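Per-entry structural report
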Amino acid sequence: MELIFKDCSGIDPSQLCAATNAAFSDYVVPLRMTSNQFEDFRCQRGFSSRHSFIAWYGDQIAGFWFSSPPAREYENLAYTLSVGTLPDFRRRGISNLLLKAVSEVLRNDTASGMQLEVVATNGNAINAYEKFGFEKQRTLGIFKVQGEALERSGSLKHDLKPIAAEGLPVNENAFFDAMPTPQNSRAAITRLGSKAQLLIAQEDGECVGWGAIYEDGAVAQIAVHKNFRRQGIGRALLSKLGQLVSADQLTFVNVDTTANSLNAFLKNAGAEEVLQQHEMRLMF
């Protein structure tokens with residue numbers, strides 16, 4: 001029986017979820033996403049059925065490459081949500097064949113390339129992606145902030161108010177030292193709707209900072225205008241975000257190591273770096 005490669009149009013999301021869990025079932029920490037979690041995962045990261053492919057073997061999924069469409073805000077790159085091969089089908093070159101299928105559709109849609117993240121200690125995966133033509137672009141940290149740090153908010157003269165993503169400043173250049181990765185982008189926050197909560201800090205009616213958090217306690221963004229830093233705005237946002245999700249621990253995923261202000265803020269907040277990832281790109 002031969003493998004058949006097709007895009008994910010018309011495929012039941014529950015099948016894709018089951019295949020994703022199965023592909024990572026033998027990892028040190030096995031993946032166990034529920035159907036609802038998988039739907040949030042797809043929504044947040046911009047999953048596109050037409051740009052995502054699976055390898056069929058009979059009536060089962062042997063492997064997958066999930067992708068977004070090209071994104072203008074990321075230089076027309078497409079974001080790879082996840083790549084996996086089920087244990088019984090490994091070492092058959094399935095990922096390479098899936099990449100060819102995905103990249104052909106993306107090229108036809110004038111994508112400039114693809115980007116993804118891979119755990120920095122996963123040498124086998126990094127080597128595989130490099131053989132595919134991906135190159136490392138930047139290093140990203142993953143941090144945990146424990147409850148005691150969330151309680152130390154200090155005093156703040158700025159009001160913190162809920163806001164929708166559409167109400168945030170259009171120009172973010174004065175707020176970020178480095179661009180968020182796709183799953184923490186403005187588009188991702190907007191796609192999740194009420195499952196992402198936002199707070200804005202204002203002075204004289206003008207935005208001086210904001211924070212965004214997901215239901216699972218992952219902080220998507222903390223952004224403070226460069227002219228208003230070191231005034232306790234970030235710490236107050238951090239504390240209030242923790243209260244919004246009733247979390248005793250918050251996570252920061254994919255913090256660019258060159259974002260000096262944010263890394264210094266996390267260090268001062270007592271954050272612990274638990275992992276690093278590499279952002280890698282394949283240009284067409």
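Use the structure listed above.
First things first, this report covers the structure right here in the doc. The residue count restarts for each chain, going from 1 along the sequence in the order it is written. Local features are withheld for residues below a pLDDT of 70 in this predicted model, meaning they are given only at 70 or higher, and side-chain atom pairs are given and counted only at 80 or more; totals for whole chains, interfaces and linings count all residues. For the side-chain quantities, the full set of heavy atoms in the structure was used; hydrogens and water were omitted.

Our focus in this paragraph is the pattern of salt bridges. Within this document, salt bridges are pairs made up of a side-chain nitrogen of Lys or Arg and a carboxyl oxygen of Asp or Glu, the two lying within 4 Å of each other. For the structure shown, the criterion picks out nine salt bridges. The salt bridge involving Arg42 is made with Glu39; its shortest N-O contact spans 2.9 Å. With a gap of three residues between them, Arg42 and Glu39 both fall in helix α2 (residues 35–45), about one helical turn apart. Between Arg138 and Asp256 there is a salt bridge whose closest N-O contact spans 2.8 Å. Of the two residues, Arg138 is situated in strand β6 (residues 135–146) and Asp256 in strand β11 (residues 249–256); the sequence distance between them amounts to 118 residues. Each helix corresponds to a stretch of at least 4 residues labelled H or I by DSSP, and each strand to a stretch of at least 2 residues labelled E; elements are numbered beginning at the N terminus.

All axes are obtained by fitting lines to C-alpha atoms, using only the stretch in contact for helices, and the reported angles, taken between N-to-C directions, cover 0 to 180 degrees. Orientation of helix α1 (residues 13–23) relative to α2, taken along the N-to-C sense of each, is 95°, at an axis distance of 10 Å. By the angle class used here, α1 and α2 are roughly perpendicular. Counting all contacts with α1, which are made through Pro13, Leu16, Cys17 and Thr20, the residues of α2 involved are Ser35, Phe38 and Arg42. Per-class residue counts for the contact of α1 with α2 are four nonpolar, two polar and one charged. Angles below 35 degrees are treated as roughly parallel, those above 145 as roughly antiparallel, those between 65 and 115 as roughly perpendicular, and all remaining angles as oblique. Contacts are assigned to residue pairs that have any heavy atoms within 4.5 Å of one another. Following the grouping adopted for this structure description, the nonpolar residues are Ala, Val, Leu, Ile, Met, Phe, Trp, Tyr, Cys and Pro, the charged ones are Asp, Glu, Lys and Arg, and the polar ones are all others, Gly among them.

Attention now moves to helix α8 (residues 260–268). Those residues of α8 not exposed but buried are Asn263, Phe265 and Leu266. The arc that holds the buried residues of α8, viewed along the axis, is 160°, so those residues lie on one side. Relative to its buried face, α8 has exposed residues pointing more than 90 degrees away, namely Asn260, Lys267 and Asn268. On its buried face, α8 sits against β6, β10 (218–224), α7 (233–244) and β11. With its phi angle positive at about 80°, Gly270 sits one or two positions after the end of α8. Buried, partly exposed and exposed residues are distinguished by accessible area as a fraction of the type maximum, computed with a 1.4 Å probe on protein chains only: under 20%, between the cut-offs, and over 50%, respectively. An arc is given here, and it is the one of the directions from the helix axis to the C-beta atoms.

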